[in-house]
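The chain contents come next:
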Amino acid sequence: MSIKSRTKVREALVSGELEKEITVKGWVRTRRGNKNIAFIALNDGSTLNNIQVVADVPAFPEDLLRQVTTGACISVTGTLTPSMGSGQSVEIQAKSINLYGPADPATYPLQKKGHSLEFLREIAHLRPRTNTFGAILRLRHAMSYAIHKYFNDNGFYYLHTPIITGSDAEGAGEMFRVTTLDMMNPPRTEDGKINYREDFFGKETNLTVSGQLEGEIGALALSDVYTFGPTFRAENSNTPRHLAEFWMIEPEMAFYDIHDNMDLAEDFLKYLINYALEHCNEDLRFLNDMYDKELLSRLNSVINSDFVRITYTEAIDILSSSGVKFEFPTQWGADLQSEHERYLVEKHYKKPVIITGYPKTIKAFYMKQNDDGTTVRAMDVLFPRIGEIVGGSQREENLQALENRIEELGIPREELWWYLDTRRFGTAPHAGFGLGFERMMLFITGMSNIRDVIPFPRTPNNAEF
Ligand code: 4AD
Ligand code: MG
């Protein structure tokens with residue numbers, strides 16, 4: 001469906017319907033020319049490419065053309081003709097131009113090319129009009145579509161897990177509270193604590209850190225489900241790889257063990273990269289040329305490699321005997337830092353690595369314990385330039401073992417009665433993982449800061465727009 005009165009620039013550029021009269025609408029990227037002829041580069045976001053509009057200056061009111069400057073929004077009706085100039089095969093000979101909205105050259109911030117990414121973050125309301133963010137936003141869309149397509153084609157059902165919850169799925173306590181209580185004068189219990197019974201939901205609630213626990217409910221009824229939604233973490237991490245609000249893809253599968261889980265993650269990640277290479281080649285080539293000359297070769301190398309699978313213990317051995325002086329120590333029991341992950345992927349193996357068998361002390365309560373009593377069936381997928389891109393596990397399906405672990409960690413059981421019921425009634429082995437959508441977008445686009453792969457980043461001290 002497209003509205004009859006308007007042709008998207010993308011269609012106009014490939015249509016081949018020369019000498020036909022069409023109308024295009026969009027934002028002026030540049031205008032150049034002289035007193036006889038004006039060349040207007042028009043972009044409507046449907047593609048990276050602009051369409052060139054050629055206007056015979058004397059044929060238009062002077063006052064109109066004066067306002068056709070960078071950033072202005074116009075509608076142009078004219079004939080599509082073969083272009084004499086280099087860089088485009090067709091152009092529009094303008095018959096009429098209509099100005100929707102001017103953009104004062106004295107104040108419109110996107111005047112010249114080559115603004116820094118830092119500056120563009122400050123004008124996140126205008127950066128979608130740049131080539132870079134146009135490409136990134138189209139890629140984000142394509143990847144979202146590919147995610148749904150992959151799961152749909154493989155018999156998974158999309159489960160809408162809640163955004164507001166009463167539980168802490170990861171047990172890390174990094175939650176944003178949701179409340180309607182008067183912060184100046186909250187109701188108190190007899191012992192002086194805040195009385196959440198009087199809060200909107202009659203209990204303490206927060207924004208979800210993960211849809212996994214509800215995903216498990218779905219898997220134990222529909223077999224294969226996934227959720228893809230926003231998740232929130234109040235971790236004070238000001239890094240190029242952390243957001244306070246990010247999107248996560250979480251499949252959850254009944255009757256999968258940790259090996260099936262790894263196979264699915266590897267297949268899924270390769271599918272997404274393939275999809276981008278096949279469907280978004282123009283935008284990827286642009287990002288490759290502008291930001292990261294190794295982007296395309298890196299994407300191709302990952303789809304063509306078998307991911308290495310090692311245990312945490314093996315990873316620690318490799319790191320300890322590497323002779324490299326890391327900032328953080330690498331003794332058994334300590335969590336792997338980004339520097340360790342990247343060493344394994346970029347220096348040691350030179351391909352993606354999946355690590356399993358982490359110490360239970362550094363992983364969440366729901367992971368299936370191995371017989372050794374110290375490690376769990378966790379898996380982290382590590383990617384070049386990114387480090388951890390996927391985190392997942394086989395889940396503890398045994399009620400007694402799960403209850404013991406919850407007890408050991410001192411997690412309040414009342415919050416999880418429904419979760420424990422899944423183990424009480426018809427429990428089954430199952431597994432799943434979470435892919436951080438923006439970490440994936442970092443990898444796909446070759447950008448280096450996660451703030452540049454989401455339209456409106458939320459990070460400590462920043463919730464503008
Ligand atoms: O490893 P995480 O914390 O795992 C979970 O939340 C599980 N419940 C997933 C599951 O098994 N269903 O997070 C999963 C992924 C990470 O590997 C990372 O890619 C991303 O989510 N992630 C973040 N991305 C951006 N900013 C943050 N603050 C992130 N925290 C995690
Ligand atoms: Mg993790």
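Residues numbered from 1 in each chain as written. Chains lettered and ligands numbered in written order. Predicted model: local features only at pLDDT ≥ 70, side-chain atom pairs only at ≥ 80, totals over all residues. Heavy atoms only, no water.

J.: So what's going on with the site of ligand 1? Residues and values would help.
T.: Neighbouring residues of ligand 1: 24 residues in total, closest E170, Q212, R233, E250 and E388. Within the side chain of S210, an N or O atom sits 3.0 Å from a nitrogen atom of ligand 1. Between ligand 1 and the protein, one listed contact pairs an oxygen atom with a backbone N or O atom of G391 at 3.3 Å. Bound to the protein, ligand 1 loses 93% of the 630 Å² it would expose on its own. When residues of the shell around ligand 1 are assigned to their parent elements, the largest contribution, five residues, is made by strand β15 (residues 387-394). Of the residues that constitute the shell around ligand 1, the class distribution is eight nonpolar, eight polar and eight charged. (Near = heavy atom within 4 Å. Polar contact = N/O pair within 3.5 Å; in protein donor to acceptor, adjacent residues only side chain to side chain. Areas by Shrake-Rupley, 256 points an atom, 1.4 Å probe, with all protein chains shown as cover. Helix = DSSP H or I, 4+ residues; strand = E, 2+ residues; numbered from the N terminus. Nonpolar A, V, L, I, M, F, W, Y, C, P; charged D, E, K, R; others polar.)

J.: Explain the sheet that holds strand β9 (residues 205-207) residue by residue, including any values.
T.: The three strands lie next to each other as β7-β9-β8, forming an open sheet whose pairing is antiparallel. Looking at strand neighbours, the two that pair on one side only are β7 (164-165) and β8 (177-178), the edges of this open sheet. Bridging between β7 and β9 involves two bridges; their strand directions are antiparallel. Across the sheet, residue I164 finds its bridge partner in β9, namely L207. (Pairing = 2+ DSSP bridges.)

J.: Account for the nonpolar core, naming residues and giving values.
T.: If you look at the biggest cluster of nonpolar residues, it comprises 66 residues, and the most contacted ones within it are I273, F383 and I389. The contact partners of F383, leaving out residues within four places of it in the chain, are L269, I273, V302, F307, V345, P352, I389 and F443. With 31 residues, the next largest nonpolar core counts I310, A315, L344 and A378 among its residues. (Core = buried A, V, L, I, M, F, W, Y, C linked by side-chain atoms within 4.5 Å. Buried < 20%, exposed > 50% of the residue type's maximum accessible area, 1.4 Å probe, protein only. Contact = heavy atoms within 4.5 Å.)

J.: Could you give an account of helix α13 (residues 437-445), naming the residues involved and the relevant values?
T.: By the criterion of burial, α13 is predominantly enclosed, with nine of the nine residues buried. For α13, the full list of buried residues reads F437, E438, R439, M440, M441, L442, F443, I444 and T445. At the C-terminal side of α13, G446 shows a positive phi close to 75°.

J.: Give a description of the pattern of salt bridges that names residues and reports values.
T.: Tallying each qualifying case throughout the model produces 26 salt bridges. The residue D191 makes a salt bridge to K193 at a minimum N-O spacing of 3.9 Å. Residue classification places D191 among the exposed residues on the basis of a relative accessible area of 59%. The class for K193 is exposed, based on a relative accessible area of 56%. One salt bridge connects D421 with R424, and the closest N-O pair in it is separated by 2.7 Å. Linking D421 with R424, this pair stays in helix α12 (residues 417-424), spanning three residues, or about one helical turn. Sharing partners across several salt bridges, the network here consists of D263, E266, K270 and R309. (Salt bridge = Lys/Arg side-chain N within 4 Å of Asp/Glu carboxyl O.)

J.: Give a detailed account of the packing of aromatic side chains, specifying residues and quantitative values.
T.: By the definition in use, this model includes 21 aromatic pairs. Between F151 and F156, the aromatic rings sit 4.9 Å apart at their centres with planes inclined by 50°, giving tilted as the arrangement. F156 sits in the buried class, given a relative accessible area of 5%. With 4.8 Å between their ring centres and 70° between their planes, F200 and F201 make a pair best called edge-to-face. Overall, F200 belongs to the exposed group, its relative accessible area being 60%. F201 gets classed as partly exposed once you look at its relative accessible area, which sits at 41%. Ring-pair connections join several aromatic residues into one group, and the members of that group are Y145, Y150, F151, F156, Y158, Y226, F268, Y271, Y275 and F433. The cationic tip of K363 hangs over the ring face of Y358; the distance from NZ or CZ to the ring centre is 4.2 Å. (Phe/Tyr/Trp six-rings, centres within 6.5 Å; stacked < 30°, edge-to-face > 60°. Lys NZ or Arg CZ within 6 Å of the ring centre and 35° of its normal.)

J.: Tell me about the sheet that holds strand β6 (residues 157-158), residues and numbers included.
T.: Pairing in this open sheet of eight strands is mixed, and the strands run β6-β10-β11-β16-β15-β14-β13-β12 from one edge to the other. Among the strands making up the open sheet, the edge pair consists of β6 and β12 (308-311). Relative to strand β10 (residues 224-232), β6 runs parallel, the two sharing two bridges. What sits directly across from Y158, in β10, is Y226. Contacting β6, β10, β11 (245-254) and β16 (430-436), helix α5 (residues 212-222) crosses the sheet at an angle of about 30° to β11. (Axes fitted to C-alpha atoms, helices over the stretch in contact; angles between N-to-C directions.)

J.: Can you break down the packing of helix α4 (residues 131-153) against helix α7 (residues 281-290) residue by residue, with the values?
T.: Contact geometry for α4 and α7: axes closest at 9 Å, N-to-C directions at 135°. Classified by the angle their axes make, α4 and α7 are oblique. Regarding α4 and α7, the two cross each other, and that crossing is left-handed. Facing N131, T132, A135, I136, R138 and L139 of α4, the residues of α7 in contact are D283, L284, F286 and L287. The residue inventory of the contact of α4 with α7, partitioned by class, reads six nonpolar, two polar and two charged. (Parallel < 35°, antiparallel > 145°, perpendicular 65-115°, else oblique. Left-handed = near helix turned anticlockwise from the far one by under 90°.)

J.: So what about α7? Which residues, and what values?
T.: Taken together, the buried positions of α7 are D283, L284, F286, L287 and N288. At its buried positions, α7 is contacted by α4, α6 (258-279), α8 (295-303) and α13.

J.: Tell me what's going on with a nonpolar patch on the surface, and back it up with residues and numbers.
T.: Together, I163, I164, F200 and F201 make up a nonpolar patch on the protein surface, roughly 380 Å² of accessible area in all. Considering the arrangement of structural elements, one finds F200 in the loop between β8 and β9. (Patch = residues over 30% accessible without salt bridge, like charges linked within 9 Å, V, L, I, M, F, W, Y side chains within 5 Å.)

J.: Residues and numbers for the pairing of strand β2 (residues 37-43), please.
T.: Among the seven residues that make up β2, five are buried, leaving the element largely enclosed by the rest of the structure. With six bridges connecting them, strand β1 (residues 21-33) and β2 associate as antiparallel partners. Paired with G33 across the bridge in β2 is A38. Hairpin connection between β1 and β2: a loop of three residues separates the two successive antiparallel strands. Strand direction decides the pairing type here: β2 and strand β3 (residues 51-56), joined by six bridges, are antiparallel. By the bridge assignment for β3, F39 is matched with V54.

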